[in-house]
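An overview of the molecular structure
Spelled out, the chains give:
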Amino acid sequence: MALHSTHPSLTDLRRRARKRIPHFVWEYLDSATGDEATKHRNRAALDDILLKPGILHGEFTPDLTTPLMGRSYPLPFGIAPVGMSGLIWPGAEQMLATLAAQTGIPYTLSTVASQPPEAVAGRIGDQGWFQLYPPRDPLIRTDILNRAKAAGFHTLVLTVDVPVASRRERQVRSGLTNPPRLTPRLLAQMARCPAWALGTLKHGMPRLRLMESYQKSAAALSSTEHIGYLLRTSPDWDYLRELRSEWDGPLVVKGVLNPEDAQRLQNEGVDAVWVSNHSGRQFAGAPASVTALPLIRADVGPDYPLIFDSGINGGLDILRAIALGADFVMLGRAFHYGLGAFGAKGAAHVVDILRADLESNMGQIGARCLKDVKQRLWV
């Protein structure tokens, strides 16, 4: 099947994925929190960003190469962390790690993924980033960092925008627990999705395997109060300094919207700031991430690395973020829509869609390389 003919956009993959995964899984993947105003705000704010079309610039092939924190990536985007990826599609973590190694883009494994770092060590190549939800116990923290490094993860991403659990009402109403408790309602939904169900039988029911290795009890808890929340803490600046001294590779802090926080993180020796509102999953009263992005860029200066996520639905959105100051863009839901739609082939198709979309839109605005995009903002 020629996927570019039948599913040329991320929206097409999202539509197919919704039909192929159980409803309670879909609610986990697609929902935000509260009235989902922040999720909608992300989309609206991106749509308001316009770029200048270009003419008479001749034929060229855009250069998508992107330098970031001492490395060079062939594309300006990567795979963001998503908790319990294996719930969304069986074997997701291994599939995404393999894709990252094949395409040269980073894959960020979550602390609350359904697989621990060791499970993807043989697949990730040199593209491993590890996202840390900060453990309360410093001994657990040290052990997790050591396990991540031993498995080949070279960049650490500290997520700071989850000081408390969000409510995520759609997710709660779906009946999802961690690990999933198979009620008659959930079993009926699973029966209507045979590919997902058979894959889950093969790979086993998804669990928070990394976090469960530090606690004997694995009782089914609410999906917003799972074992990861029981073991983590809300970090402060001292916690950040301890982490900075303990991790000798690049350190990224994810979940920043306040320019003053970004500037302080820069001064504390953080290697990059990740501008994000958790795609609307944490706080319904937050600004759109892309609204905060140029304000943060203005405060940290032109050369400090900024990573961006939230609301991205194609290559044009990536260019919009770059025009406003991002150096690199991460996508989480998009790759999981691809997995839900066509498995590993669907995730690979996400890369193809984004690459083609970037090249097409850069041709429209006459941007030969990504640096040129910053000059194409319509103001």
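Let me begin by describing the structure that accompanies this report. (Residues numbered from 1 in each chain as written. Predicted model: local features only at pLDDT ≥ 70, side-chain atom pairs only at ≥ 80, totals over all residues. Heavy atoms only, no water.)

Below, the discussion takes up the pattern of salt bridges. This structure, assessed with the given rule, holds 23 salt bridges. Measuring nitrogen to oxygen at the nearest pair gives 2.6 Å for the salt bridge that ties Arg147 to Glu118. Here Arg147, found in helix H8 (residues 138-150), pairs with Glu118, found in helix H7 (residues 117-120); they are 29 residues apart in sequence, far enough to count as distant. Given the relative accessible area of 39%, Glu118 is considered partly exposed. Of the charged contacts in the structure, one is a salt bridge between Arg207 and Glu212, with a shortest N-O distance of 3.0 Å. Residue classification places Arg207 among the partly exposed residues on the basis of a relative accessible area of 27%. Residue classification places Glu212 among the buried positions, given a relative accessible area of 17%. Here the salt bridges share partners, and the residues they tie into one network are Arg14, Glu27, Asp30, Glu36, Lys39 and Arg170. (Salt bridge = Lys/Arg side-chain N within 4 Å of Asp/Glu carboxyl O. Helix = DSSP H or I, 4+ residues; strand = E, 2+ residues; numbered from the N terminus. Buried < 20%, exposed > 50% of the residue type's maximum accessible area, 1.4 Å probe, protein only.)

Attention now moves to the packing of helix H14 (residues 237-246) against helix H15 (residues 259-267). Where H14 contacts H15, the two axes come as close as 12 Å, and the packing angle between them is 35 degrees. For the crossing formed where H14 meets H15, the hand is right-handed. Between H14 and H15, the residues in contact are Trp237, Leu240 and Arg241 and Asp261, Arg264 and Leu265, respectively. Of the residues contributing to the contact of H14 with H15, the split by class is three nonpolar, no polar and three charged. (Axes fitted to C-alpha atoms, helices over the stretch in contact; angles between N-to-C directions. Left-handed = near helix turned anticlockwise from the far one by under 90°. Contact = heavy atoms within 4.5 Å. Nonpolar A, V, L, I, M, F, W, Y, C, P; charged D, E, K, R; others polar.)

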